[in-house]
Amino acid sequence: MSAIHIVVFLPLLASIVAGLSNRAFGIGLPKMVTTAGLFVAAALSWSIFIPFLTGTAQAGVAPVSTWILSGGMNIAWELRVDALTAVMLVVITSVSALVHLYSWGYMSEDPDQPRFFSYLSLFTFAMLMLVTANNLVQMFFGWEGVGLASYLLIGFWFKKPSANAAAIKAFVVNRVGDLGFMLGIFGTYLVFGTISIPAILEAAPSMAGSTIGFLWFRADTMTVLCLLLFVGAMGKSAQLGLHTWLPDAMEGPTPVSALIHAATMVTAGVFMVCRLSPMFETSPTALAVVTAVGAATCLFAATIGLVQTDIKRVIAYSTCSQLGYMFFAAGVGAYGAAMFHLFTHAFFKALLFLGAGSVIHAMHHEQDMRFYGGLRKHIPLTFWAMMAGTLAITGVGIYGIGGFAGYHSKDAILEAAWASGPGGYGAFYVGTFAALLTSFYSWRLMFLTFFGTPRWAGSEHIQHAVHDAHGHGHGDHHDTHGHGHDDGSHPAPPAAEDAGHAPSTHAAHASEVAEGTAGYHPHESPLPMLIPLIVLTIGAVAAGYVFHHWFIEPEAGETFWKGSLFFDEHLMHEMHQVPLLVKLAATIVMLVGLASAFYVYIARPGTAAGIADTFRVLHRFLLKKWYFDELYHLLFVRPAFALGRFFWKRGDEQTINRFGPDGSAALVDFSSRLAVKMQTGYLYTYAFVMLIGLTAAVTWAIAS
């Protein structure tokens, strides 16, 4: 058994052990088994990854078993290991291991920890199956596996209706994308006669220019296949149109958000496009669509992030936007840059999510940033960790010297978009403007959360905590699921959305309102939650500077990737020759975003409320998330429910049941009632009936 076998199957074994353990084992065994298993898998993943950096490793395939043997179709269960796989192994297992450890503290109050840790490890196994797939069927197995695990984890607190609704929404929206992915797989098998990824990629150039019948017309073969596969990527990676599930998925525990919706599952679509990049390179139309969708998503999600007040939803829309960067990088042919941003994004986005969880933990499960403020002195380590994540996502750095992780990876995407020619100029401008918005809403989050005057008194959660501390609380006010977000109504939010604005003076105690604390004392998170923050902070600070050489440098990149994805060495050369203004564009807009956020939320408190009031229609449009949910509810949800009610009432109850089981039962009941009337209980009545029967029988016999 090789290292890759242990990396893939150890999380599955740990999940089974945790899932089957009962109360007799307590909660310690499942936590220890799953967490230890993931740290072992992470250590082995780095041992696989480092030789690819040093150039001493070769791509290979580790057989597991024969999976499907039917006629001429022979599908083997194999684990592919190359540079692309190695990158994903490090991302998945490292983040998963840290999330497991973080959950020791964050989920400590939850009674269902064995189930939670089992689901986490199950997800990790499914994701590992996806990235090690050597054929499309095995990739689809992992693809659906992460969808199942995501459903289970989003709906982990199943007693919350909102969590159940979010889990179902994620599952259904992803089914739409998965339909496209399945059709793409079927079409690929039809065209190439195989589902082996290496064989498909080798034969793909020979199919360029050919046509295939699709629906009622003929179209370019590779364009049809690539676009169908990309529909699957849009669903899994929450791109514009199939994005609506991602923000609602924040109903799950925060560690789930960090693992699935920041670092791993949502990047599956990006990974798939990069894995099949030789296919996509045969279709300029498909690449143009990927670029357009990625750029549109990048901008769309950034605009919504400007007005969100839930700290996790701000980061969720940030994830959606950053995924857009990755896709339009792939669309312009910079697959190495796309994977580089995926790699760095895993560190700083997981850091931001876990940091947000630490803030929520400190604020007694409050997630509304309008009820934060002034927290940097109370939870300093969390503050500095989130500061590092913010510096990374906004791309802080110095030209010619270096910077945080996002400075290297996001800037590389923008430079590659410009270097790709006129087709990439639009993506460059959109990406640059989105970087401005990213900087603004990221610093807005920091200022609202950690700076200014505390606004805790208005929080219902804080009020509960204070009442409990003084013995005035009610025993049933806690969320029965530990750190779940309380969906109960809040008191009126602060009059202005800014870090320097104190709460209004309508509360009961004027002295508390003046300070805005309600007498509450936030606390730093326990050590199991802080260790992952420290480790991820290192990644957010250094990952870009340390690894950019292998991911995007022309000669080093070609040597590192070794054909595991399409690497355009010429584009990488051109990327370094773009004008200086292009190189500085991301830094300039980052500074503009920082200055704007500082002015609005620190220097001139109350400005945000004034802007929102002035541009009321636009503000509501963004607050309603471009009305996608309302539009989909009108176009799809309501008709689906109406159709379901029609078949239920008219088809099932009034037709099938009426003439089927219900009708048969009614006939039997009617017949039995007639028979009952004939049962009088008198002997002479029965004798008379027998005489009639005998007479009828004799008459029939004589007549015959």
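Residues numbered from 1 in each chain as written. Predicted model: local features only at pLDDT ≥ 70, side-chain atom pairs only at ≥ 80, totals over all residues. Heavy atoms only, no water.

*Asks:* Would you mind going over the layout of surface pockets with me for this structure?
*Replies:* Empty pockets left among the atoms are what a rolling probe the size of a water molecule brings to light. What the second largest pocket holds in volume is close to 660 Å³. Every residue lining the second largest pocket is counted, 22 residues in all, and those nearest its centre are K169, V173, T244, Y632 and V637. For the lining of the second largest pocket, the elements supplying multiple residues, two or more each, are α6 (161-192) and α27 (628-659). The biggest single contributor to the lining of the second largest pocket is α6, with eight residues. Split by residue class, the lining of the second largest pocket holds 12 nonpolar, four polar and six charged. (1 Å grid on protein atoms, 1.4 Å probe; cavity = no way out; pocket = protein on both sides within 12 Å on 5 of 7 lines; lining within 4 Å. Points joined across faces, edges and corners; volume = space filled by probe spheres on them. Helix = DSSP H or I, 4+ residues; strand = E, 2+ residues; numbered from the N terminus. Nonpolar A, V, L, I, M, F, W, Y, C, P; charged D, E, K, R; others polar.)

*Asks:* Any chance you could explain the state of the cysteines here in plain terms?
*Replies:* Between two cysteines, a covalent bond joining their sulfur atoms is known as a disulfide. Summed over all chains, the structure comprises zero disulfides. The thiol of C274 is not disulfide-bonded; the next cysteine sulfur, from C226, is found 13 Å away. Assessed through its relative accessible area of 0%, C274 is described here as buried. Free cysteine C298: the closest other cysteine sulfur is in C320, separated by 9.5 Å. (Disulfide = S-S within 2.5 Å. Buried < 20%, exposed > 50% of the residue type's maximum accessible area, 1.4 Å probe, protein only.)

*Asks:* I would appreciate a short explanation of the packing of helix α3 (residues 83-106) against helix α4 (residues 113-131) in the present structure.
*Replies:* Think of two packed helices as two axes; the pair is described by the angle between the axes and how far apart they sit. At a closest axis distance of 10 Å, the pairing of α3 and α4 adopts a crossing angle of 175 degrees. With respect to α4, the element α3 is oriented roughly antiparallel. Taken together, the residues of α4 that come into contact with α3 (itself represented by T85, M88, L89, I92, T93, S96, V99, H100, S103 and W104) are F116, F117, L120, S121, T124, M127, L128 and V131. The class makeup of the residues in the contact of α3 with α4 is 11 nonpolar, seven polar and no charged. (Axes fitted to C-alpha atoms, helices over the stretch in contact; angles between N-to-C directions. Parallel < 35°, antiparallel > 145°, perpendicular 65-115°, else oblique. Contact = heavy atoms within 4.5 Å.)

*Asks:* How do you make sense of the packing of aromatic side chains when you look at a structure like this?
*Replies:* Working definition: an aromatic ring pair is given by the centre-to-centre distance plus the angle between the planes. Applying the stated rule across the entire model yields 49 aromatic pairs. Measuring from ring centre to ring centre gives 5.5 Å for F230 and F327, while their planes differ by 80 degrees; the resulting arrangement is edge-to-face. Here F230, found in helix α8 (residues 221-236), pairs with F327, found in helix α14 (residues 311-331); they are 97 residues apart in sequence, far enough to count as distant. Each member of the pair, F230 as well as F327, carries the same accessibility label: buried. On the basis of an interplanar angle of 70 degrees and a centroid distance of 5.1 Å, the ring pair of W418 and F428 is categorised as edge-to-face. Placement of the pair is W418 in helix α17 (residues 405-419) and F428 in helix α18 (residues 422-450), with a sequence separation of 10 residues. In terms of burial, W418 and F428 fall into one category: buried. What links up through ring pairs into an aromatic cluster is the set W46, F49, F340, F343, F347, F547, W550, F551, F560 and W561. For R175, the ring lying beneath its charged end belongs to F171, and the centroid distance is 4.3 Å. (Phe/Tyr/Trp six-rings, centres within 6.5 Å; stacked < 30°, edge-to-face > 60°. Lys NZ or Arg CZ within 6 Å of the ring centre and 35° of its normal.)

*Asks:* How should the environment of W143 be read in this particular structure?
*Replies:* You can see W143 is positioned in helix α5 (residues 136-154). The spacing of W143 and D178 is 35 residues in sequence and 8.6 Å in space, taken between C-alpha atoms.

*Asks:* Sorry, what's going on with a nonpolar patch on the surface here?
*Replies:* Among the surface-exposed residues, L631, L634, L635, F636, V637 and F641 lie close enough to one another that they form a single nonpolar patch of about 570 Å² accessible area. Residue position: V637 is located in helix α27. (Patch = residues over 30% accessible without salt bridge, like charges linked within 9 Å, V, L, I, M, F, W, Y side chains within 5 Å. Areas by Shrake-Rupley, 256 points an atom, 1.4 Å probe, with all protein chains shown as cover. Salt bridge = Lys/Arg side-chain N within 4 Å of Asp/Glu carboxyl O.)

*Asks:* Can you help me understand unusual backbone geometry in this one?
*Replies:* Note: most peptide bonds trans; most residues except glycine with negative phi. Non-glycine residue H365 carries a positive phi angle of around 75 degrees. Within the secondary structure layout, H365 lies in the loop between α15 (335-362) and α16 (380-393). Given a relative accessible area of 8%, H365 falls into the buried group. Positive phi values are uncommon outside glycine, yet W626 reaches one of about 65 degrees.

*Asks:* Sorry if this is basic, but what is going on with the environment of A263 here?
*Replies:* Mapping A263 onto the fold places it in helix α10 (residues 254-263). Spatially, the C-alpha atom of A263 lies 6.2 Å from that of A350, the residues being 87 residues apart in sequence. Not counting residues up to four positions away in its chain, the partners in contact with A263 are V91, V95, A258 and A346.

*Asks:* For this particular structure, what's the right way to read empty space enclosed by the protein?
*Replies:* Summed over all chains, the structure comprises four cavities of 30 Å³ or more. The calculated volume of the largest cavity comes to roughly 80 Å³. Residue lining of the largest cavity: V314, I315, S318, L352, M386, T390, I393, Y441, S442 and L445, and that is the complete set. Among the secondary structure elements, those contributing two or more residues to the lining of the largest cavity are α14, α16 and α18. Class assignment of the residues belonging to the lining of the largest cavity gives a composition of seven nonpolar, three polar and no charged.

*Asks:* Explain the pairing of strand β3 (residues 211-214) here, please?
*Replies:* A regular strand places its side chains on the two faces of the sheet in alternate fashion. Inspection of the sheet shows β3 paired to strand β4 (residues 217-220) by four bridges, in the antiparallel sense. Across the sheet, residue G213 finds its bridge partner in β4, namely R218. In this structure, the hairpin formed by β3 and β4 is closed by a connection of two residues, where L215 is found at a positive phi of approximately 55 degrees. (Pairing = 2+ DSSP bridges.)

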